[in-house]
Amino acid sequence: MWAIMMRFGYHSLPDELNGPNIHRLENVMTLEPSFRACFNNLHVWFVETDEVNRYKLESRYRILIKEYPEYVKFTSTNKNLLLPSPTYLRIHAACAKVAHLSGAGEYIDKLYQDLEDSKVLNPNGSSSETLEHALFQKLH
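Since this is a predicted model, take the numbers as computed values, not measurements.

(A) Geometry of the nonpolar core. Ranked by size, the top nonpolar core spans 10 residues in total: Phe35, Cys38, Phe39, Val44, Phe46, Tyr55, Leu57, Ile65, Phe74 and Leu89. For this core, the secondary-structure elements that each account for two or more residues are helix 3 (33–40), strand 1 (44–48) and strand 2 (54–59). Not counting chain neighbours up to four residues away, the residues in contact with Val44 comprise Phe35, Cys38, Phe39, Leu57, Glu58, Ser59, Leu64, Ile65 and His92.

(B) Just the sheet that holds strand 1, in detail. With antiparallel pairing, 3 strands are arranged side by side in an open sheet as 1-2-3. The open sheet has two edge strands, strand 1 and strand 3 (71–73), and neither has a second partner. Shown here is a sheet whose adjacent strand axes are inclined to one another by a mean of 40°, direction ignored. One ladder, built from 5 bridges, connects strand 1 with strand 2; its direction is antiparallel. Across the sheet, the residue bridging to Glu48 is Tyr55, located in strand 2. In the packing of helix 3 onto the sheet, the strands contacted are strand 1 and strand 2, and the crossing angle to strand 1 comes to about 75°.

What counts as what
Residues numbered from 1 in each chain as written. Predicted model: local features only at pLDDT ≥ 70, side-chain atom pairs only at ≥ 80, totals over all residues. Heavy atoms only, no water. Core = buried A, V, L, I, M, F, W, Y, C linked by side-chain atoms within 4.5 Å. Buried < 20%, exposed > 50% of the residue type's maximum accessible area, 1.4 Å probe, protein only. Helix = DSSP H or I, 4+ residues; strand = E, 2+ residues; numbered from the N terminus. Contact = heavy atoms within 4.5 Å. Pairing = 2+ DSSP bridges. Axes fitted to C-alpha atoms, helices over the stretch in contact; angles between N-to-C directions.

Given below as structure tokens:
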């Protein structure tokens, strides 16, 4: 992943986001649980507008965002607290759009569904991708 990010010119990302730096304030947002799940699963994303820290909320499924405002502006009453990074939000939006357009989104959805439905691993090894995904989620 880091190699891909570096090829797109994001050379500082490994230093910014490795280890405990993953929790840096620019990479943190407090979200309502079901919206957070949609965001993490690449079903919703924020698209930059011409106004600083203002984003348009987009989704692969319009029904997921119909209850939310079309535009979101990140603000803080404390100037020392950093807002979500436009770079990180841009990368997230690009990944979500690629996942949606490439059909990978359906594959990711299937992994999450398999993970929820599975109580045990299949002895024939067919659930290895589900296990790998579950382990990855726990590690990150």
